[in-house]
Amino acid sequence: MDRNDLRIGDAEREQTMEALREHFAQGRLTHEELDERLDRTLAAKTYRDLGRITADLPGQRTAHPEAVPEFDMGDWRAAMHAHRRQMQSMRHAQRDMRREWHGRRGHHGPHPILPMLFVFMMIGLFVGGFGIFKILLVVWLAAMVFSLAHRRFHSRR
């Protein structure tokens with residue numbers, strides 16, 4: 001396959017559009033020519049298409065075979081290893097952020113058993129068991145103090 005028939009990406013299109021803007025700034029292109037060539041650049045699919053757009057302008061041509069580097073399997077492997085390392089570092093960073101977020105977010109509010117103790121305490125009060133009310137009040141207060149101490153200890157880490 002001819003290298004000029006290889007598909008191009010946004011980076012190559014942007015490079016060609018920058019070159020066209022430079023030629024416009026130097027007076028080689030009119031405003032209408034610049035607009036028309038920019039539209040053709042955005043529609044280009046191969047290096048050959050870009051070469052046709054800049055064929056009559058001085059400077060390096062995008063469609064020349066020298067502009068397209070030759071790749072071998074070693075380059076491909078190096079690129080894949082670099083990609084894997086980047087993805088792994090992103091996963092580690094995401095994991096660390098998640099841990100930090102969960103640590104900072106912490107647990108707000110009382111432990112889930114405290115509202116249940118409060119409900120039982122109120123039931124004991126209304127049903128008439130003042131003895132059970134006193135016991136539940138002590139357990140509830142102890143749980144609140146323990147929850148507060150536990151939260152303060154873990155927030156210092």
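Data block above holds the structure.
Residues numbered from 1 in each chain as written. Predicted model: local features only at pLDDT ≥ 70, side-chain atom pairs only at ≥ 80, totals over all residues. Heavy atoms only, no water.

**Things to note about the overall build of the protein chain**
Threshold: For helices the rule is a DSSP run of H or I covering at least 4 residues; for strands it is a run of E covering at least 2, with both sets numbered from the N terminus onward. Buried residues are those whose accessible area, probed at 1.4 Å on protein chains only, stays under 20% of the maximum for their type, while exposed residues exceed 50% and partly exposed ones sit between those limits. Note on contacts: a residue pair is in contact if any heavy atoms of the two residues lie within 4.5 Å. Calculation of accessible area relied on Shrake-Rupley with a 1.4 Å probe; when residues are assessed, cover is drawn exclusively from the protein chains displayed.
Counting its regular elements, the protein chain contains six helices and zero strands. In the protein chain, the order of α-helices and β-strands from amino to carboxyl end is α-α-α-α-α-α. Buried positions account for 20% of the 157 residues belonging to the protein chain. Restricting to contacts in the protein chain with at least 6 residues of sequence separation, those with at least 24 account for 56%. Surface accessibility of the protein chain: about 12200 Å² in total, with carbon and sulfur atoms responsible for 62%.

**Some points on the nonpolar core**
Considering soluble globular proteins, one finds that nonpolar side chains tend to be buried as a cluster. In plain terms, the rule: Residues grouped as a nonpolar core are buried Ala, Val, Leu, Ile, Met, Phe, Trp, Tyr and Cys residues, joined through side-chain atoms within 4.5 Å.
With eleven residues, the main nonpolar core is built from Ile8, Met17, Leu20, Leu29, Leu34, Leu38, Ala44, Tyr47, Leu50, Ile53 and Leu57. Breaking this core down by element, the ones donating at least two residues are helix H1 (10-25), helix H2 (31-43) and helix H3 (47-53).

**Looking at the pattern of salt bridges**
Two side chains with opposite charge may pair up if their charged atoms get near one another. We count it as follows: We define a salt bridge as a contact between a side-chain nitrogen of Lys or Arg and a carboxyl oxygen of Asp or Glu at a distance within 4 Å.
A complete count under the given rule lists nine salt bridges for this structure. As a salt-bridge pair, Arg95 and Asp96 come within 3.6 Å of each other at their nearest N and O atoms. The class of Asp96 is partly exposed, set by a relative accessible area of 39%.

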